[in-house]
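Chain residues, written in single-letter form:
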Amino acid sequence: TFQAFDNNEVNIAFVLGHELHHALTGELFKYTKILHEESKGLNEEKYKDLKNFYTREWESNADIYAIKLLHHSGYTAESGYETLKLSGELIGTFPRETKNDKHMHIVDRINYAKQFIENEVSELPEPENGKKGKWKYNRNLNHLTFDPSK
(Lines give C-alpha, C1' and ligand atoms only; values in the text may rest on other atoms or scores of the structure.)
Protein backbone atom coordinates (compact mmCIF):
# COMPACT_ATOMS: atom_id res chain seq x y z
CA THR A 1 0.00 0.00 0.00
CA PHE A 2 2.75 2.47 0.90
CA GLN A 3 4.45 1.94 -2.45
CA ALA A 4 1.18 2.48 -4.31
CA PHE A 5 0.74 5.79 -2.50
CA ASP A 6 4.21 6.82 -3.70
CA ASN A 7 5.44 7.82 -0.24
CA ASN A 8 2.73 10.48 0.10
CA GLU A 9 2.69 11.39 3.80
CA VAL A 10 -1.01 12.08 4.17
CA ASN A 11 -2.03 8.88 2.38
CA ILE A 12 0.26 6.83 4.60
CA ALA A 13 -1.08 8.64 7.68
CA PHE A 14 -4.63 7.76 6.64
CA VAL A 15 -3.81 4.07 6.21
CA LEU A 16 -1.99 4.00 9.55
CA GLY A 17 -4.91 5.75 11.26
CA HIS A 18 -7.35 3.26 9.75
CA GLU A 19 -5.27 0.32 10.96
CA LEU A 20 -4.73 1.91 14.38
CA HIS A 21 -8.48 2.00 14.78
CA HIS A 22 -8.57 -1.76 14.36
CA ALA A 23 -5.76 -2.23 16.86
CA LEU A 24 -6.76 0.27 19.55
CA THR A 25 -10.51 0.76 19.74
CA GLY A 26 -11.67 -2.67 20.84
CA GLU A 27 -14.51 -2.64 18.32
CA LEU A 28 -13.69 -6.20 17.31
CA PHE A 29 -14.61 -7.36 20.81
CA LYS A 30 -17.73 -5.19 20.87
CA TYR A 31 -18.91 -6.59 17.55
CA THR A 32 -18.06 -10.14 18.58
CA LYS A 33 -20.25 -9.75 21.67
CA ILE A 34 -23.11 -8.19 19.69
CA LEU A 35 -22.79 -10.85 17.01
CA HIS A 36 -22.91 -13.59 19.62
CA GLU A 37 -26.10 -12.16 21.13
CA GLU A 38 -27.87 -11.37 17.85
CA SER A 39 -26.94 -14.60 16.10
CA LYS A 40 -28.61 -16.97 18.55
CA GLY A 41 -30.90 -19.24 16.60
CA LEU A 42 -29.70 -18.12 13.16
CA ASN A 43 -28.75 -20.60 10.48
CA GLU A 44 -25.22 -20.50 9.05
CA GLU A 45 -26.13 -18.28 6.07
CA LYS A 46 -27.93 -15.68 8.21
CA TYR A 47 -25.01 -15.73 10.68
CA LYS A 48 -22.52 -14.99 7.86
CA ASP A 49 -24.72 -12.14 6.60
CA LEU A 50 -24.86 -10.60 10.07
CA LYS A 51 -21.13 -11.06 10.63
CA ASN A 52 -20.27 -9.41 7.29
CA PHE A 53 -22.63 -6.52 8.06
CA TYR A 54 -20.79 -5.77 11.30
CA THR A 55 -17.38 -6.22 9.66
CA ARG A 56 -18.28 -3.68 6.94
CA GLU A 57 -19.50 -1.25 9.60
CA TRP A 58 -16.23 -1.71 11.50
CA GLU A 59 -14.25 -0.87 8.34
CA SER A 60 -16.29 2.28 7.77
CA ASN A 61 -15.72 3.34 11.39
CA ALA A 62 -11.98 2.88 10.85
CA ASP A 63 -12.12 5.27 7.88
CA ILE A 64 -13.87 7.92 9.98
CA TYR A 65 -11.37 7.42 12.80
CA ALA A 66 -8.51 7.94 10.33
CA ILE A 67 -10.12 11.14 9.02
CA LYS A 68 -10.43 12.45 12.58
CA LEU A 69 -6.78 11.59 13.26
CA LEU A 70 -5.72 13.43 10.12
CA HIS A 71 -7.73 16.47 11.18
CA HIS A 72 -6.23 16.47 14.68
CA SER A 73 -2.75 16.10 13.21
CA GLY A 74 -3.05 19.23 11.12
CA TYR A 75 -4.01 17.68 7.80
CA THR A 76 -7.31 18.51 6.16
CA ALA A 77 -10.12 16.05 6.73
CA GLU A 78 -10.66 16.13 2.98
CA SER A 79 -7.25 14.52 2.50
CA GLY A 80 -8.69 11.31 3.97
CA TYR A 81 -11.47 11.45 1.40
CA GLU A 82 -8.85 11.98 -1.32
CA THR A 83 -6.91 8.94 -0.06
CA LEU A 84 -10.04 6.81 -0.33
CA LYS A 85 -10.62 8.10 -3.85
CA LEU A 86 -7.04 7.21 -4.77
CA SER A 87 -7.58 3.75 -3.27
CA GLY A 88 -10.61 3.38 -5.51
CA GLU A 89 -8.53 4.29 -8.53
CA LEU A 90 -5.79 1.85 -7.56
CA ILE A 91 -8.01 -1.13 -6.79
CA GLY A 92 -10.79 -0.34 -9.22
CA THR A 93 -14.43 0.08 -8.38
CA PHE A 94 -15.89 -3.16 -9.68
CA PRO A 95 -17.24 -5.66 -9.00
CA ARG A 96 -19.75 -4.32 -6.54
CA GLU A 97 -19.73 -5.86 -3.10
CA THR A 98 -21.76 -8.92 -2.37
CA LYS A 99 -23.31 -9.77 0.95
CA ASN A 100 -20.33 -12.06 1.59
CA ASP A 101 -17.75 -9.27 1.34
CA LYS A 102 -16.17 -8.22 4.60
CA HIS A 103 -15.16 -4.76 3.36
CA MET A 104 -17.64 -2.12 2.37
CA HIS A 105 -17.31 -1.35 -1.35
CA ILE A 106 -14.83 1.46 -2.00
CA VAL A 107 -17.49 3.64 -3.66
CA ASP A 108 -19.65 3.39 -0.54
CA ARG A 109 -16.64 4.10 1.70
CA ILE A 110 -15.84 7.21 -0.35
CA ASN A 111 -19.43 8.43 -0.17
CA TYR A 112 -19.67 7.74 3.56
CA ALA A 113 -16.43 9.66 4.18
CA LYS A 114 -17.65 12.57 2.06
CA GLN A 115 -20.92 12.65 4.00
CA PHE A 116 -19.01 12.63 7.29
CA ILE A 117 -16.79 15.51 6.17
CA GLU A 118 -19.75 17.57 4.93
CA ASN A 119 -21.88 17.01 8.02
CA GLU A 120 -19.60 16.46 10.99
CA VAL A 121 -16.05 17.75 10.50
CA SER A 122 -17.10 21.31 11.34
CA GLU A 123 -18.05 19.96 14.79
CA LEU A 124 -14.51 18.74 15.47
CA PRO A 125 -12.24 21.03 17.51
CA GLU A 126 -9.42 22.71 15.65
CA PRO A 127 -6.03 21.04 16.15
CA GLU A 128 -3.88 22.90 18.66
CA ASN A 129 -0.41 22.37 17.26
CA GLY A 130 -0.90 21.11 13.74
CA LYS A 131 1.39 18.44 12.44
CA LYS A 132 4.89 18.41 13.78
CA GLY A 133 7.36 16.08 12.23
CA LYS A 134 7.62 14.13 9.03
CA TRP A 135 7.00 10.53 8.04
CA LYS A 136 9.43 8.90 5.65
CA TYR A 137 9.07 5.54 3.96
CA ASN A 138 12.18 3.72 2.71
CA ARG A 139 11.06 1.45 -0.10
CA ASN A 140 14.27 -0.56 -0.20
CA LEU A 141 14.14 -1.43 3.48
CA ASN A 142 10.31 -1.45 3.69
CA HIS A 143 10.73 0.79 6.73
CA LEU A 144 8.55 3.66 7.95
CA THR A 145 10.06 6.26 10.31
CA PHE A 146 8.85 9.47 11.92
CA ASP A 147 11.13 12.44 12.51
CA PRO A 148 9.42 14.74 15.06
CA SER A 149 11.92 17.57 14.55
CA LYS A 150 10.72 18.60 11.09
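Numbers given for residues are sequential positions, taken from 1 along each chain in its written order. Per-residue local features of the predicted model are confined to residues with pLDDT of at least 70, and side-chain atom pairs are confined, for both listing and counting, to 80 or more; whole-chain, interface and lining totals are unaffected and use all residues. Values reported for side chains reflect all heavy atoms of the structure, with hydrogen atoms and water molecules removed beforehand.

S.K.: Teacher, can you tell me more about the packing of helix H1 (residues 9-24) against helix H3 (residues 44-72) here?
M.R.: Two numbers describe a pair of packed helices, the interaxial angle and the distance between the axes. Structural elements are reduced to axes, namely lines fitted to C-alpha atoms, with helices fitted over the stretch in contact, and the angle between N-to-C directions of any two is expressed from 0 to 180 degrees. We count a stretch as a helix when DSSP gives it H or I for four or more residues in a row; a strand needs E for two or more, and each element gets its number in order from the N terminus. Interhelical geometry of H1 versus H3 gives an angle of 125 degrees and a closest axis separation of 8 Å. In terms of axis orientation, H1 runs oblique to H3. Of the two elements, H1 crosses H3, and the hand of that crossing is right-handed. Here Val10, Ala13, Phe14, Gly17, His18, Leu20, His21, His22 and Leu24 of H1 come into contact with H3, specifically with Trp58, Glu59, Asn61, Ala62, Asp63, Tyr65, Ala66, Ile67, Leu69 and Leu70. Each residue is assigned to one of three groups, with Ala, Val, Leu, Ile, Met, Phe, Trp, Tyr, Cys and Pro labelled nonpolar, Asp, Glu, Lys and Arg labelled charged, and all others, Gly among them, labelled polar. Here the contact of H1 with H3 is composed, by residue class, of 12 nonpolar, five polar and two charged. Working definition: roughly parallel below 35 degrees, roughly antiparallel above 145 degrees, roughly perpendicular at 65 to 115 degrees, and oblique for all remaining angles. Handedness of a helix crossing follows the sense of rotation of the near helix relative to the far helix, less than a right angle counterclockwise being left-handed and clockwise being right-handed. Contact between two residues is taken to exist if any of their heavy atoms lie within 4.5 Å; hydrogens are not considered.

S.K.: I'm lost on helix H5 (residues 106-120) in this one. Help?
M.R.: One full turn of an α-helix is made of 3.6 residues, so residues set three or four places apart face in the same direction. The first and last C-alpha atoms of H5 sit 20 Å apart over 15 residues, in line with the 21 Å expected at 1.5 Å per residue. Burial status follows relative accessibility: with a 1.4 Å probe on protein chains alone, a residue under 20% of its type maximum counts as buried, one over 50% as exposed, and anything between as partly exposed. Taken as a whole, H5 has its buried residues at Ile106, Arg109, Ile110, Ala113, Phe116 and Ile117. End-on, the buried residues of H5 take up no more than an arc of 125 degrees, which puts them together on one face. Elements that come into contact with the buried residues of H5 comprise H1, H3 and helix H4 (78-91). One less than the number of residues in a helix, times 1.5 Å, gives the span that helix is expected to have. Throughout, the arc means that of the directions going from the helix axis to the C-beta atoms.

S.K.: Any chance you could explain the environment of Asn138 here in plain terms?
M.R.: With respect to the secondary-structure elements, Asn138 resides in strand E1 (residues 134-138). With a relative accessible area of 30%, Asn138 lands in the partly exposed category. Note: C-alpha distance between Asn138 and Asn7 (131 residues apart in sequence) is 8.4 Å.

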